Each structure stands twice: as C-alpha cells, then as structure tokens.
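Here is how the chains run, residue by residue.
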Amino acid sequence: MTRSQKPSVFQVGRIWDDGSTVVVSGWGIGMCAPACPCHRHPIAGHLAIDEDQAGGTLGLRSFREDGCDCCEPWTADELSGVLRDLQRLAGLDAEEPLAG
C-alpha cells in the first residue's frame, strides 16, 4: 500500500452518488503542507477548491504551470471512509469522563 499526501480536512460534509454523478459538498479542505508552493494564488494568496464530479474527487487547484506534485485529491470513496470512521467513533463509549 502506498500513501500520498492529501489536503487537510477541517470541515466534514456530505457525499451523494446517483450512479452517474458524485457530488461532494460541504467539505472544508486546506493546505496539504505548510508553505506549499503550488496551491496559493500567486497574487491574492487564496486557495481554490478543485472538484471533479465525473471522477468523484475533491482537491485543491494548482496555480503552478506544471501542475501539482505535492498532493493528490480525495476520492469520494476515501471521504466516505472518513464519514464511516467518524460514525464509528461517535458510537464508542469513553472509558473515562471528559475533563471539564
């Protein structure tokens, strides 16, 4: 199994798949690495989301002429796995009470 870097996820969204189109909405994604050289707009400095509904991927737009080589977009299957794992974690009982 090989692993590659992905953009960070700071907000969990939804995934709809009707068989021909995959819609990934409500997800918040951020930089793949500190000081990444290719995802910030060269003048404005903002990030732009790159969503491929036909391919079912969600990533960051690259502003480099030769494209991005630092990370790869999330697939709908991977994001579905994140949702599944979060549901499993929510169902676990804590062995110790939360602080506070």
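Our structure is the block above this text.
Residues numbered from 1 in each chain as written. Predicted model: local features only at pLDDT ≥ 70, side-chain atom pairs only at ≥ 80, totals over all residues. Heavy atoms only, no water.

A. Structural context of the sheet that holds strand β6 (residues 57-60). Pairing in this open sheet of three strands is antiparallel, and the strands run β5-β6-β7 from one edge to the other. Looking at strand neighbours, the two that pair on one side only are β5 (49-52) and β7 (74-75), the edges of this open sheet. (Pairing = 2+ DSSP bridges. Helix = DSSP H or I, 4+ residues; strand = E, 2+ residues; numbered from the N terminus.)

B. Molecular detail of the nonpolar core. Core analysis: the biggest nonpolar cluster contains nine residues, these being Val 22, Val 24, Trp 27, Ile 29, Leu 58, Leu 60, Trp 74, Ala 76 and Leu 79. Looking at this core, the elements that each hand over two or more residues are β3 (22-25), β6 and α1 (76-90). Here Ala 76 is in contact with Ile 15, Val 22 and Gly 56, once residues within four sequence places are set aside. Met 31, Cys 32, Cys 36 and Cys 38 belong to the second-largest nonpolar core, a separate cluster that totals five residues. (Core = buried A, V, L, I, M, F, W, Y, C linked by side-chain atoms within 4.5 Å. Buried < 20%, exposed > 50% of the residue type's maximum accessible area, 1.4 Å probe, protein only. Contact = heavy atoms within 4.5 Å.)

C. Just the packing of aromatic side chains, in detail. This model, assessed by the stated rule, comprises zero aromatic pairs. Between the NZ or CZ atom of Lys 6 and the centre of the ring of Trp 74, over which it lies, the distance is 5.8 Å. (Phe/Tyr/Trp six-rings, centres within 6.5 Å; stacked < 30°, edge-to-face > 60°. Lys NZ or Arg CZ within 6 Å of the ring centre and 35° of its normal.)

D. Inspection of the pattern of salt bridges at higher detail. One pass over the full model with this rule turns up five salt bridges. One salt bridge connects Asp 66 with Arg 64, and the closest N-O pair in it is separated by 3.2 Å. Its relative accessible area of 61% is what places Asp 66 among the exposed residues. Overall, the relative accessible area of 27% leaves Arg 64 in the partly exposed class. Of the charged contacts, one joins Asp 69 and Arg 64 as a salt bridge, the two residues approaching to 3.5 Å between their closest N and O atoms. (Salt bridge = Lys/Arg side-chain N within 4 Å of Asp/Glu carboxyl O.)

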